[in-house]
Amino acid sequence: MAVAGRWDRIEALFDEAALLPAEERAAFLARACGDDPEMRGEVESLLAADEKAAGFLGRPVASAAAPPAPPPSLVGQRVGHYRVEARLGEGGMSTVYLAVRADDAYQQQVALKVLGYGAERADLAARFRAERQILASLDHPGIARLLDTGVSPAGQPYLVLEYIEGTRIDHYADERGLKPRARIDLVQQVLAAVEHAHAHQVVHRDIKPSNILVTNDGAAKLLDFGIAKMVSPDGSLGSAPLTAGSARVLTPEYAAPEQASGAAVSPATDVYAVGVLLYLLLSGTHPTAEGRRGAGEVIAALFEVQPKPLGLGGLDEVLEKSLRKNPDERYQSAKEMADALGP
Amino acid sequence: MSDESQSDGTLRDEPRHDVTQLLVRWRGGDDQALDALASLVYNELRRLAGRSLNHESAGLTLQTHDLIHEAFLRLIGQRHVDWQNRAHFFGIAAQMMRRILTDHARRRSAVKHGSGRRPLVLDEVPDPAADGDAGIVAVDEALGELAQENAELARIVELRFFGGLDHDEIAAVLGVSDATVRRRFRIAKAWLYRRLSGRGA
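Everything numeric in this text was worked out from a predicted model, so none of it was measured. (Residues numbered from 1 in each chain as written. Chains lettered and ligands numbered in written order. Predicted model: local features only at pLDDT ≥ 70, side-chain atom pairs only at ≥ 80, totals over all residues. Heavy atoms only, no water.)

Caption draft 1: Layout of the sheet that holds strand E7 (residues 166-168) of chain A. Residues and elements named next belong to chain A. On the basis of which strands lie adjacent, the open sheet formed by 3 strands has the order E7-E9-E10 and antiparallel pairing. With partners counted over all chains shown, the strands left at the sheet margins are E7 and strand E10 (220-222), one partner each. Across the sheet, the mean angle separating the axes of adjacent strands is 35° when strand polarity is ignored. Two elements, strand E9 (residues 212-215) and E10, share 3 bridges in a ladder whose sense is antiparallel. Paired with Ile212 across the bridge in E10 is Leu222. (Pairing = 2+ DSSP bridges. Helix = DSSP H or I, 4+ residues; strand = E, 2+ residues; numbered from the N terminus. Axes fitted to C-alpha atoms, helices over the stretch in contact; angles between N-to-C directions.)

Shown next as structure tokens:
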């Protein structure tokens, strides 16, 4: 409090002195500060700076400087045991490269996921560590496997993941002209992987087409547990409160209502996202966000729009139940939804 | 959520009220609402800022102020909005803009200059806005120090420099008079100038 009071005094003296002609300021301050030369020095040096600072900060920084540039490429460099060969893509918080083990007899291709954007931000680094923990606990053919972790010489943490050569699930289905039953089979594979994660107390939270690749032989693989969080091991699934950081990253088109409103997530949150995925795969349209633009509109629609039935009989019931606004009314597990989709 | 629609007289034509609701919830002390709000605003600004990159080569420069107004229109709309909600939105947006701009500048200057940071040189007419990345990073850091001394002074500069808000808008965000904003911005500038020109670099 004493410090705050002192600053108030400095500010008051500065304001008053600044209104005086320059030649009267010294006398004013000598009188006003009396036996506090330190305060007098502070005010005088601020006044001196004020003389020169007229145009300083006169205009705001332009946003042309704003667009985030990609972090420096690591292509051609060595990171840990791996040689980086090509850039595969950018995520919200990381860059993914194709790399090979550089010191090995066998040439194993891997995906190297390097924390790039905002590496200086502690919350992102913490989330990255959380992802490493989560992935290490999962072992399922439908989930990209974690092979190694480390920190690059530049201080960027990285994950080494099984490299999946495949196509985004929605593109895969369209390119091959898959019939509804084959599309449902893919979604059931996804549900099996999600069920495995749930059994390990992990809710993915960001299931969407770009996070699911299908290999040439038709195996669906779930990627990117970037915003997945461990749910509390002591309580029931979903009772864990959202941490501050987790709410900052969400994909409006695939978020469940409880995510968008900042309420607790549960396995039913992933069920919702798979419901959106299934609806998209079967109809080519989004259940709620059709024609909406911008995150605000998409999220508003999430609460307001009831998905239209697709005229597919029993499938409509599954879609309807997985896309309920209230998580308690959805399927309570990925397995339950997979079973409802039939053998 | 139907309460607001009903009191509004319109049931369907209310696609954006979730942001307004989040603002109301936040003002009621709900920190999770602030998180969700910050996330929405951050993403929207990032998207809009990213788009302006395409115009950069054409010499067109979008100002942060325009970006924030555009984000406001997109997320909340032109409908009647309580001025306090509007002010709070601008306050959050300026903070998010500071984060976006500083993260970007820090990353880019690290690319250009290696890990060593180029000290900011203040010339006769110092203008960190024109000084590029080094200027932005330096102001961000000095602001952090000013916030230790007096948080509201730092907030005023944040709203002005990173948010592009004018004195009236800043006054509305902080709930103080226009004259107070002008007066306090002056000493904040002097403090920062001294910090950046003297011992700083």
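Alright, that's what it looks like, and here's the rest.
Caption draft 2: Up close: the packing of helix H6 (residues 180-199) of chain A against helix H8 (residues 267-283) of chain A. Residue and element names in this part refer to chain A. Look at H6 against H8: their axes get within 10 Å of each other, and the N-to-C directions meet at 165°. Judged on the interaxial angle alone, H8 and H6 are roughly antiparallel. Crossing of H6 over H8 shows right-handed handedness. Contacts from Pro180, Arg183, Ile184, Val187, Val190, Leu191, Val194 and His198 in H6 reach Pro267, Asp270, Val274, Leu277, Leu278, Leu281 and Leu282 in H8. (Parallel < 35°, antiparallel > 145°, perpendicular 65-115°, else oblique. Left-handed = near helix turned anticlockwise from the far one by under 90°. Contact = heavy atoms within 4.5 Å.)

Caption draft 3: Fine view of the pattern of salt bridges. Applying the stated criterion to the full structure yields 27 salt bridges over all chains. Across the salt bridge formed by Glu42 of chain A and Arg194 of chain B, the nearest N and O atoms sit 3.0 Å from each other. One end of the pair, Glu42 of chain A, is in helix H3 (residues 37-52); the other, Arg194 of chain B, is in helix H9 (residues 178-200), on a second chain. For Glu42 of chain A, a relative accessible area of 21% gives the class partly exposed. Overall, Arg194 of chain B belongs to the buried group, its relative accessible area being 12%. Of the charged contacts in the structure, one is a salt bridge between Asp30 of chain B and Arg25 of chain B, with a shortest N-O distance of 3.0 Å. If you follow the salt bridges from partner to partner, you end up with Glu11 and Asp15 of chain A together with Glu152, Arg183 and Arg184 of chain B in one network. (Salt bridge = Lys/Arg side-chain N within 4 Å of Asp/Glu carboxyl O. Buried < 20%, exposed > 50% of the residue type's maximum accessible area, 1.4 Å probe, protein only.)

Caption draft 4: Region of interest: unusual backbone geometry. All names here are of chain A. The phi dihedral of Gln201 falls on the positive side, at around 65°, and the residue is not glycine. Among the secondary structure elements, Gln201 is positioned in the loop between H6 and strand E8 (202-203). When its relative accessible area of 26% is taken as the criterion, Gln201 is described as partly exposed. In this structure, Arg205 takes a positive phi of about 75° despite not being glycine.

Caption draft 5: Focus on the pairing of strand E4 (residues 109-115) of chain A. All names here are of chain A. Within E4, 6 of the 7 residues are buried, which leaves it mostly tucked inside the rest of the structure. Here strand E3 (residues 94-101) runs beside E4; their pairing, made up of 7 bridges, is antiparallel. The residue bridging Ser94 from the neighbouring strand is Leu115, located in E4.

Caption draft 6: Representation of the packing of aromatic side chains. Residue and element names in this part refer to chain B. Scanning all chains against the criterion turns up 2 aromatic pairs over all chains. Relative to Phe162, the ring of Phe161 lies with its centre 5.0 Å away and its plane at 85°, an arrangement referred to as edge-to-face. As far as burial versus exposure is concerned, Phe161 and Phe162 are alike and both buried. (Phe/Tyr/Trp six-rings, centres within 6.5 Å; stacked < 30°, edge-to-face > 60°.)

Caption draft 7: Region of the structure containing the nonpolar core. Of all hydrophobic cores here, the largest spans 125 residues; its most connected members are Leu45, Phe89 and Leu192 of chain B. If you tally residues by element for this core, the top one is helix H5 (residues 83-113) of chain B, at 11 residues. Residue contacts for Phe89 of chain B: discarding those within four places in its chain leaves Val19, Leu23, Val41, Ile68, Ala71, Phe72, Leu75 and Ile76 of chain B. Of all hydrophobic cores here, the second largest spans 11 residues; its members include Val79, Val84, Ala99 and Val110 of chain A. (Core = buried A, V, L, I, M, F, W, Y, C linked by side-chain atoms within 4.5 Å.)

Everything listed is a geometric property; what it means functionally is a separate question.
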